[in-house]
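Coordinate analysis (summary)
What follows is the residue order along each chain.
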Amino acid sequence: MFNKFLKYLFYLTLFSIILGPVAALPLGILQVNIYFTDIVVGLISLIWIIRLKGTIKLIRSDKIASYFCIFVAVAMISLIFSPINLNINEKLISSLYIIRLFSYFFVYLTVRYLTDSSTIGGVHSDTPEVFLRLLTFAGVILAVIGWLGYFLYPDLRNLYYLGWDPHYKRIFSSFFDPNYFGLMMVFTLIMLFTWKESLRNTFQVAGWTPGRWILAIFIFISLMFTYSRSSYMALMGALITYSLFKKKYILIAGALIILILSAILLPRPSGEGVKLERVFSIEQRIENWKQGAQ
């Protein structure tokens, strides 16, 4: 019962990710945004907290989980004893970021638990494949939503007063952010290139058939139309890592050529966001780093 409930909540988490910030709950609290995903992840967290003994045992057996808990503890201590003068309300709002981060960590524990047969014994052997199929499917759905938005609602400049960045003629999907969407496309491409059995059952393709090539090209083009340089760099990092592990060094050169040519051939509608040579966002990041250092 426990395993099935966790599975269903994980499936619901994937669905809620597709909804993105569109599914924000209208709380009416200044500087506080709660999304449907937060509610689902909160339920997952609550389950693990109730089963505290088993949770501690699982964390101790997983190095990533142990290091993450240390990081969260340090982050919370640094907030409590911060030299920055914050009132109680500001500290509470700041702590919500840490609470959200810690809650989403339980999604990792859930996947770790459900895919490790040595942990729960009765898990089906196809559970990891099912998760990967769903993750890939979520990426494809996000890309479809992104293209619908690109043709039907390509301009976020009219929502600037609500705090959204003024993206224009960039695919941002239901995330309303081309950078996060671009990273999801990179993640989807990684699964397309590295997982075969899971994709064979989902898309009825075996190996690199035309159907699988079309799907990969569709995701790649969706990524390029984000005009997100950080996502391009993430793709290159993934390809370099994959090439080194597989010792297919020619893949790095080929992928780099394709990426550069694609960037050159991208259309350049009006707007600062589609200029790959733009420096405004870089200057803003440097300014934020300076503020953080101070």
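Quick caveat: nothing in here was measured; it's all calculated off a predicted structure.

Rules behind the numbers
Residues numbered from 1 in each chain as written. Predicted model: local features only at pLDDT ≥ 70, side-chain atom pairs only at ≥ 80, totals over all residues. Heavy atoms only, no water. Helix = DSSP H or I, 4+ residues; strand = E, 2+ residues; numbered from the N terminus. Buried < 20%, exposed > 50% of the residue type's maximum accessible area, 1.4 Å probe, protein only. Contact = heavy atoms within 4.5 Å. Areas by Shrake-Rupley, 256 points an atom, 1.4 Å probe, with all protein chains shown as cover. 1 Å grid on protein atoms, 1.4 Å probe; cavity = no way out; pocket = protein on both sides within 12 Å on 5 of 7 lines; lining within 4 Å. Points joined across faces, edges and corners; volume = space filled by probe spheres on them. Nonpolar A, V, L, I, M, F, W, Y, C, P; charged D, E, K, R; others polar. Core = buried A, V, L, I, M, F, W, Y, C linked by side-chain atoms within 4.5 Å. Phe/Tyr/Trp six-rings, centres within 6.5 Å; stacked < 30°, edge-to-face > 60°. Axes fitted to C-alpha atoms, helices over the stretch in contact; angles between N-to-C directions. Parallel < 35°, antiparallel > 145°, perpendicular 65-115°, else oblique. Left-handed = near helix turned anticlockwise from the far one by under 90°. Expected span 1.5 Å × (residues − 1). Polar contact = N/O pair within 3.5 Å; in protein donor to acceptor, adjacent residues only side chain to side chain. Salt bridge = Lys/Arg side-chain N within 4 Å of Asp/Glu carboxyl O.

This paragraph deals with the overall build of the chain. For the chain, the count of helices and strands is 13 helices and two strands. Taken over 294 residues, the chain has a buried fraction of 38%. Here the analysis covers contacts within the chain between residues at least 6 apart in sequence; of these, 66% occur between residues at least 24 apart. Just so you have it, the chain exposes about 17900 Å², and 70% of that area is on carbon and sulfur atoms.

On to the layout of surface pockets, then. By rolling a water-sized probe across the atoms, one finds the places where empty space is left. Reported here for the second largest pocket is a volume of approximately 460 Å³. What lines the second largest pocket is a set of 19 residues, among which Leu189, Phe193, Phe220, Leu235 and Leu239 lie closest to the centre. Among the residues forming the lining of the second largest pocket, the class breakdown is 17 nonpolar, two polar and no charged.

Counting 31 residues, the largest nonpolar core has Met185, Leu189 and Leu235 as its most contacted members. Going through the elements one at a time, α7 (127-152), α8 (178-194), α10 (210-224), α11 (229-246) and α12 (250-265) are the ones with two or more residues in this core. Not counting residues within four places of it along the chain, the set of residues in contact with Met185 comprises Gly139, Leu142, Ala143, Ile219, Ser222 and Leu223. Listed in part, the 27 residues of the second largest apolar core include Val40, Ile59, Phe105 and Leu109.

Before going further, it helps to spend a moment on the environment of Val107. Residue placement: Val107 occurs in helix α5 (residues 88-115). Overall, Val107 belongs to the buried group, its relative accessible area being 15%. In contact with Val107, other than residues within four places in its own chain, are Phe10, Val41 and Ile44.

Another aspect to go through is the packing of aromatic side chains. One pair of aromatic rings is described through two measures. These are the centre distance and the angle between the planes. Applying the stated criterion across every chain, the model contains 15 aromatic pairs. A centroid spacing of 5.2 Å and a plane angle of 75 degrees characterise the contact between Phe102 and Phe106, whose relative ring orientation is edge-to-face. Of this pair, Phe102 and Phe106 both sit in helix α5, four residues apart, roughly one helical turn. On the basis of relative accessibility, which here comes to 29%, the residue Phe102 falls in the partly exposed class. Grouping aromatic residues by their ring pairs yields a cluster made of Phe68, Phe71, Phe102, Phe105, Phe106 and Tyr108.

Once that is clear, we can look at the packing of α11 against α12. The contact between α11 and α12 brings their axes to 9 Å, and the two run at 165 degrees. Between α11 and α12, the interaxial angle falls into the category roughly antiparallel. The handedness of the crossing between α11 and α12 comes out as right-handed. In contact with Tyr232, Leu235, Met236, Leu239, Ile240, Tyr242 and Ser243 of α11, α12 contributes Leu251, Ile252, Ala255, Leu256 and Leu259. Taken together, the residues that form the contact of α11 with α12 break down as 11 nonpolar, one polar and no charged.

Below, the discussion takes up helix α1 (residues 2-19). Relative to the 26 Å expected for 18 residues at 1.5 Å per residue, α1 spans 26 Å between its end C-alpha atoms, a close match to the ideal helical length. Listed in full, the buried residues belonging to α1 are Phe2, Leu6, Lys7, Leu9, Phe10, Thr13, Leu14, Ser16 and Ile18. Positioned one or two residues after α1, Gly20 has a phi angle of 65 degrees, which is positive.

Axis separation between α1 and helix α2 (residues 36-50) bottoms out at 8 Å; the angle between their running directions is 160 degrees. Overall, the two elements α1 and α2 adopt an arrangement that is roughly antiparallel. As for how α1 packs across α2, the hand of that crossing is left-handed. On the side of α1, the interface is formed by Phe2, Phe5, Leu6, Leu9, Phe10, Leu12, Thr13, Ser16, Ile17 and Leu19, while α2 contributes Phe36, Thr37, Val40, Val41, Leu43, Ile44, Ile47 and Trp48.

Moving on: the side chain of Thr13. Mapped onto the elements of the fold, Thr13 is located in helix α1. Owing to a relative accessible area of 4%, Thr13 belongs among the buried residues under this scheme. Those residues in contact with Thr13 that sit more than four places away from it in its chain are Thr37, Val40, Val41 and Ile44.

Following the sequence through the fold, Asp38 ends up in helix α2. Polar side-chain contacts of Asp38 include one of 2.9 Å to the backbone nitrogen of Tyr35. Ignoring anything within four residues of it in the chain, the contact list for Asp38 reads Asn33, Arg100 and Tyr104.

Turning next to the pattern of salt bridges. Pairing between side chains of opposite charge can happen when the charged atoms of each approach one another. Considering all chains together, one arrives at two salt bridges under this definition. Residue Arg100 pairs with Asp38 through a salt bridge whose shortest N-O separation is 2.7 Å. In this pair, Arg100 is assigned in helix α5 and Asp38 in helix α2, connecting sequence segments 62 residues apart. What makes Arg100 partly exposed here is its relative accessible area of 30%. The buried category is assigned to Asp38, whose relative accessible area is 14%. In this structure, the salt-bridge partner of Arg112 is Asp62, at a minimum N-O distance of 2.6 Å. With Arg112 in helix α5 and Asp62 in the loop between α3 (52-60) and α4 (63-80), the pair connects residues that are 50 residues apart, well separated along the chain.

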